[in-house]
Amino acid sequence: MAELRSSRVTVRAIAAEAGVSIATVSRVMNGHEHVASDTQELVRRAIERLGAPAPARRGASGGAIYVRCPYVLTDYFGVIVSSIAETLDLHGRRVVLSAGDAARRPGVLAGLAQESGLAGAVLILPPEPATELEALRARGLPFVVVDPSSPLSRDIASVSAANLTAARSVTAHLVQLGHRRIGVIGGPTEWLATQSRLAGHAAALAEAGLLPSPALLRAIEPTADRGYEAAGDLLDLPERPTALVAFNDKAAVGALRAAYERGLRVPADLSITGFDDTDLSRSTVPRLTTVGQPLEEMGRMAVSLLMRLLDRHTVDTLHVELATHLVLRESTGPVPRG
């Protein structure tokens, strides 16, 4: 029987032939030193048996991956960036990191496709409008967006958490505890995550026959100080809320401080929830009820999608939403009587 040969073989085909993972094949192809010699031999023999050259990838020989996070690398962004860097290392890829305020300079995306030695990019919560991302895609640089700030077209790869479902579970938890007047300390109104979480909040209220009140919503930059100010504003209303839903754990910490200064006990007088399940949420008194986001998996999934794009695999699902989970702790309790 004649053997079918191709002028090009994919990493997936090599991995299947050698009986190893795609990541292992990528490490061997990129000359990564932390691969056992017998494993390297398995991969090389698989390539020979398939009778075709290794996959032609943009910047295949040491092509770097540009990782951009135009924010301070705190516990949230730092976890995502670390996961991306570690996963790229497994694939034998060098990382070019741009982070903090310096990464916000105008026109940074426009010049990426012309950067020599770049194979692709991972962009974390890019502040640019979707039109700039569309333009970057049209220039031919493969990239994946982590936690997009605005809706993206179907052909731009992205990874995010299931924000709507997560917010719905938080509000549903509070409703089950008897809360009806729930204040929301949301993120910037233009962020997709904010919009999705508000939709989830409204859905949970609707299930209880309630409507969200604009008077109980504050949109902030999600920091502890802004959370403190927003919570104070809500708690000083003539009819204050019995619970506060914060955009993240930092804003929730600010809300805890505002409650303390007003002599309110949490959760006896006021319930407070966070979001992200960072170390901060476990360091407060009381500890925060929050939402666990799969931050490390978001980074790993972004790299996985990017590697598939670089290998020119067919990718049917470009928009990936990862499941979250509600973490119940001591900062939430039954609605106070009276």
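Everything that follows concerns the structure shown earlier in this document.
Remember, predicted model here, so these are calculated numbers, not experimental data. (Residues numbered from 1 in each chain as written. Predicted model: local features only at pLDDT ≥ 70, side-chain atom pairs only at ≥ 80, totals over all residues. Heavy atoms only, no water.)

Some words on the sheet that holds strand β2 (residues 95-99)
Part 1 of the argument: Read from one edge of the open sheet, 6 strands run β2-β1-β3-β4-β5-β11, paired in parallel fashion. Bordering the open sheet on either side are β2 and β11 (319-322), each of which pairs with just one other strand. Ignoring which end each strand starts from, the neighbouring axes of this sheet average 15 degrees apart.
Part 2 of the argument: Sheet analysis places strand β1 (residues 64-69) next to β2, joined by 5 bridges and oriented parallel. Counterpart to Arg 68 in the pairing with β2 is Ser 98.
Part 3 of the argument: Along the sheet face, helix α10 (residues 295-310) touches β1, β3 (118-124), β4 (143-146), β5 (157-161) and β11 and points at about 165 degrees away from the line of β5. (Pairing = 2+ DSSP bridges. Helix = DSSP H or I, 4+ residues; strand = E, 2+ residues; numbered from the N terminus. Axes fitted to C-alpha atoms, helices over the stretch in contact; angles between N-to-C directions. Contact = heavy atoms within 4.5 Å.)

Points about the nonpolar core
Part 1 of the argument: Counting 33 residues, the largest nonpolar core has Ile 65, Ile 80, Ile 84, Ile 124, Val 146, Val 159 and Met 298 as its most contacted members.
Part 2 of the argument: Within the residue set of this core, elements represented by two or more residues are β1, α4 (75-90), β3, β4, β5, α10 and β11.
Part 3 of the argument: Here this core takes 8 residues from α10, the largest share from any one element.
Part 4 of the argument: Discounting chain neighbours no more than four positions away, the residues touching Val 146 are Ile 80, Ile 84, Val 122, Leu 123, Ile 124, Leu 125, Pro 126, Val 159, Met 298 and Ala 302.
Part 5 of the argument: Within the second largest apolar cluster, 20 residues are counted, among which are Ile 185, Ala 231, Ala 258 and Ala 259. (Core = buried A, V, L, I, M, F, W, Y, C linked by side-chain atoms within 4.5 Å. Buried < 20%, exposed > 50% of the residue type's maximum accessible area, 1.4 Å probe, protein only.)

What to know about the packing of aromatic side chains
One pair of aromatic rings is described through two measures. These are the centre distance and the angle between the planes.
Part 1 of the argument: One pass over the full model with this rule turns up 3 aromatic pairs.
Part 2 of the argument: Aromatic side chains Tyr 71 and Phe 77 sit 4.8 Å apart centroid to centroid with 5 degrees between the ring planes, which places their arrangement in the stacked category.
Part 3 of the argument: Of the residues examined, Tyr 71 reaches a relative accessible area of 11% and is grouped as buried.
Part 4 of the argument: Owing to a relative accessible area of 11%, Phe 77 belongs among the buried residues under this scheme.
Part 5 of the argument: Members of the aromatic cluster, connected to one another through ring pairs, are Tyr 71, Tyr 76 and Phe 77.
Part 6 of the argument: For the cation-ring pair, Arg 197 lies above Phe 275, with the distance from its terminal atom to the ring centre recorded as 3.6 Å. (Phe/Tyr/Trp six-rings, centres within 6.5 Å; stacked < 30°, edge-to-face > 60°. Lys NZ or Arg CZ within 6 Å of the ring centre and 35° of its normal.)

Side note on the side chain of Gln 293
Part 1 of the argument: Within the secondary structure, Gln 293 is located in the loop between β10 (290-292) and α10.
Part 2 of the argument: In this structure the side chain of Gln 293 is engaged in a polar contact, spanning 2.6 Å, whose partner is the side chain of Asp 276.
Part 3 of the argument: Ignoring sequence-local partners within four residues, the contact set of Gln 293 consists of Tyr 76, Ala 161, Arg 197, Phe 275, Asp 276, Met 298 and Thr 324. (Polar contact = N/O pair within 3.5 Å; in protein donor to acceptor, adjacent residues only side chain to side chain.)

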